[in-house]
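Residue strings, one per chain:
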Amino acid sequence: MTYDVHIIGGGMAGSEAAWQLARRGLRVRLSEMRGGGDSTPAHQGTGLAELVCSNSFRSDDHEKNAVGLLHQEMRELDSLLMSAAAKAQVPAGSALAVDRDVFSAEVEAALAAQPTLTVVRERIDRLPEAGLTIVATGPLTAATLASSIGAATGADSLAFFDAIAPIVYHDTVNMDVCWMASRWDKGETRDYINCPMNREQYLAFHAGLLGGEKTEFREWEANTPYFDGCMPIEVMAERGIDTLRFGPMKPVGLDNPHDATPEFPKGRWPYAVVQLRQDNKLGTLWNMVGFQTKLKHAEQVRLFRTIPGLENAEFARLGGLHRNTFLNSPELLDRQLRLKSAPHIRFAGQITGCEGYVESGAVGLLAGLMTAAQLGGRDWTPPPRTTALGALLSHITGDAEADSYQPMNVNFGLFPPVDPSVKKKQRKEAYTARAKADLAEWLPLA
Ligand SMILES: Cc1cc2nc3c(=O)[nH]c(=O)nc-3n(C[C@H](O)[C@H](O)[C@H](O)COP(=O)(O)OP(=O)(O)OC[C@H]3O[C@@H](n4cnc5c(N)ncnc54)[C@H](O)[C@@H]3O)c2cc1C
């Protein structure tokens with residue numbers, strides 16, 4: 001059968017995109033290398049939409065949680081992943097967890113029942129030169145295809161290792177302690193938030209890094225060298241007591257105005273500083289510069305809250321390090337996930353720089369809708385940015401800063417802020433209520 005769309009990769013994103021297209025009667029070829037003699041270092045079987053690690057889609061609370069809201073929005077769009085999850089659900093409190101084998105089998109059966117869809121167990125080694133294509137090969141994209149993607153996008157724009165620094169919600173930073181300045185007080189713009197440390201605080205923090213509980217490398221990650229730009233802070237700390245003070249925590253030139261005296265009207269340099277850099281255009285999310293880490297998540301929260309100014313910090317994302325092939329999407333993709341330099345190719349799933357099963361599925365769903373509209377000769381209206389789908393899509397396709405782009409889970413920091421007069425305790429409900437109203441208006445355009 002000839003086909004309208006070629007989807008490469010039958011994971012979360014590829015399966016969802018295939019479903020959205022096939023249920024609209026479009027002819028799809030879905031190429032999945034597992035089952036054809038290949039695999040990835042993390043997948044165990046040959047089933048479509050295999051969950052490689054946890055069996056949870058995280059919170060299902062669509063009143064107060066951004067990922068729960070994303071579930072709900074996907075359900076409104078007849079998501080295959082969400083209907084399969086409902087059939088495969090296992091008890092997990094307010095989380096949506098599944099039996100992974102039942103889940104994968106449900107996805108596979110639903111796709112097999114689509115008369116216009118063909119699943120082919122084959123590895124694709126090159127980006128196709130023509131024909132509408134969705135590349136959804138995930139964080140563990142086969143090496144041959146990854147180098148073809150690298151050649152098409154420029155090697156610098158394709159990351160192979162994911163060094164994640166934590167991200168803090170701006171409204172949880174104590175600006176009575178911190179202050180804004182340029183990176184090392186050079187240049188005109190005061191783009192960085194500085195959290196000052198005295199000697200005692202620095203030494204205690206250093207000891208905390210050395211003693212903190214770390215996540216072990218998986219066997220297949222163990223031999224992957226650190227790139228210069230992504231050495232974990234605890235590894236830097238092991239290299240010497242002052243390595244961090246001469247690296248990401250360098251205080252040089254950073255007069256702390258909170259320490260101003262008549263003798264030093266601009267303030268004094270602290271012993272060390274932790275700098276935060278804006279991570280999204282809205283200014284709601286701030287990245288801890290150079291703080292990629294393999295400390296366990298609970299340990300990160302405990303230790304990072306000892307940093308002056310971050311005592312009450314809430315984290316949109318915690319640090320981590322693992323193999324991950326993803327594009328610098330804000331730079332390379334247009335607002336409809338198409339490669340600017342080769343618009344017949346769309347990317348979907350984690351390779352676009354979203355993070356997580358649900359987010360990958362959601363971006364696959366959007367890629368399916370966009371491609372269906374394109375094939376139908378319709379202009380496609382994206383979901384409003386106030387919805388979880390819209391916020392995630394906007395982040396990937398241009399709202400995130402391209403220079404520091406790193407994989408991101410859905411979270412309320414990606415949404416335009418709600419009215420600041422809404423009490424803090426009621427903000428989450430305000431985000432979700434607004435999203436639901438706006439999604440309902442948009443659905444007829446989907
Ligand atoms: C080790 C690891 C653990 C993770 N744990 C979690 C977790 O617990 N929770 C969570 O929410 N997220 C987790 N993630 C992140 C991520 O959300 C998942 O990897 C998710 O499955 C990504 O969905 P995807 O569709 O983009 O890619 P995948 O689900 O990985 O699907 C990509 C598919 O493409 C196929 N493929 C690759 N290259 C080719 C090729 N050249 N030709 C044909 N087929 C190809 C692969 O076999 C695979 O089936 C984890 C990631 C990794 C790497």
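In case you missed it, the structure is sitting above this.
Below, the structure is looked at part by part. Since this is a predicted model, take the numbers as computed values, not measurements.

1. Things to note about the packing of helix α1 (residues 12-22) against helix α4 (residues 100-112)
For any two helices packed against each other, one specifies the crossing angle of their axes together with the interaxial distance.
Step number 1: Packing of α1 against α4 leaves a shortest axis separation of 10 Å and a crossing angle of 30°. Here α4 runs roughly parallel to α1, going by the angle between their axes. The crossing of α1 and α4 is left-handed. In contact with Met12, Ser15, Ala18 and Trp19 of α1, α4 contributes Phe103, Val107, Ala110 and Leu111.

2. Some thoughts on the pattern of salt bridges
Step number 1: All chains considered together, the criterion is met by 22 salt bridges.
Step number 2: In this structure, Arg34 and Glu32 form a salt bridge, with 3.4 Å as the shortest nitrogen-oxygen distance.
Step number 3: Given a relative accessible area of 6%, Glu32 falls into the buried group.
Step number 4: In this structure, Glu50 engages Arg34 in a salt bridge whose closest nitrogen and oxygen atoms are separated by 3.4 Å. Taken together, the positions of Glu50 in the loop between β2 (28-31) and β3 (56-59) and Arg34 in the loop between β2 and β3 put the pair 16 residues apart, joining distant regions of the chain.
Step number 5: We classify Glu50 as buried; its relative accessible area is 13%.
Step number 6: Relative accessible area serves as the criterion here: at 2%, Arg34 is assigned to the buried category.
Step number 7: It is possible to trace a salt-bridge network through shared partners that takes in Glu32, Arg34 and Glu50.

3. Considering the nonpolar core
Step number 1: Among the nonpolar cores identified, the biggest contains 90 residues, and Phe103 and Phe415 are the most heavily contacted of them.
Step number 2: Take this core: its biggest share by element is 11 residues, from helix α10 (residues 357-375).
Step number 3: Contact partners of Phe415, with chain neighbours within four places excluded, come to Ala66, Leu69, Leu282, Arg385, Thr386, Thr387, Ala388, Ala391, Val410, Tyr431 and Arg434.
Step number 4: Counting residues in hydrophobic clusters, the runner-up holds 30 residues, among them Ile193, Trp286, Phe291 and Leu303.

4. Considerations on the site of the ligand
Step number 1: Of all residues adjacent to the ligand, which total 32 residues, the nearest are Ala13, Glu32, Ile124, Gln350 and Gly356.
Step number 2: Backbone polar atom of Met12 to an oxygen atom of the ligand: 3.0 Å apart, as the coordinates give it.
Step number 3: Between the ligand and Ala13, the relevant distance is 2.8 Å, taken from an oxygen atom to a main-chain nitrogen or oxygen of the residue.
Step number 4: Protein chains shield 93% of the accessible area of the ligand, which is 980 Å² for the free molecule.
Step number 5: If you list the elements that add at least two residues to the shell around the ligand, you get α1 and α10.
Step number 6: Counted by class, the shell around the ligand contains 14 nonpolar, 14 polar and four charged residues.

Reading guide: rules and limits
The written sequence of each chain sets the order in which its residues are numbered from 1. Reporting in this predicted model follows two pLDDT cut-offs: at least 70 for local features of residues, and 80 or more for side-chain atom pairs to be given and counted; totals over whole chains, interfaces and linings ignore these cut-offs and use all residues. By convention in this description, side-chain values take in all heavy atoms of the structure and omit both hydrogens and water. To define axes, lines are fitted to C-alpha atoms, for helices over the stretch in contact only, and angles between the resulting N-to-C directions are given on a 0 to 180 degree scale. The numbering of helices and of strands both runs from the N terminus, where a helix is a DSSP run of H or I of at least 4 residues and a strand a run of E of at least 2. Each angle receives one of four descriptions, namely roughly parallel if under 35 degrees, roughly antiparallel if over 145, roughly perpendicular if within 65 to 115, and oblique otherwise. Helix crossings get a hand from a simple test, with the near helix turned counterclockwise from the far one by less than a right angle marking a left-handed crossing and a clockwise turn marking a right-handed one. Working rule for contacts: check all heavy atoms of both residues, and any pair within 4.5 Å makes them a contact. Throughout this description, the term salt bridge denotes a Lys or Arg side-chain nitrogen within 4 Å of a carboxyl oxygen of Asp or Glu. Per-residue accessibility, obtained with a 1.4 Å probe over protein chains only, is compared with the maximum for each type, and a residue is labelled buried under 20%, exposed over 50%, and partly exposed between these values. Residues enter a nonpolar core if they are buried and are Ala, Val, Leu, Ile, Met, Phe, Trp, Tyr or Cys, with the set joined through side-chain atoms within 4.5 Å. Nearness is judged by heavy atoms alone; a residue qualifies as near a molecule or strand once a single heavy atom is within 4 Å of it. Whenever two N or O atoms come within 3.5 Å, that pair is a polar contact, provided that in protein one can donate a hydrogen and the other can accept it, and provided that, for residues adjacent in sequence, both atoms are side-chain atoms. Computed by Shrake-Rupley with a 1.4 Å probe, the accessible areas treat only the displayed protein chains as cover when residues are assessed. The classification used treats Ala, Val, Leu, Ile, Met, Phe, Trp, Tyr, Cys and Pro as nonpolar, Asp, Glu, Lys and Arg as charged, and all other residues, Gly among them, as polar.

Scope: geometric values only; no functional claims are made or implied.
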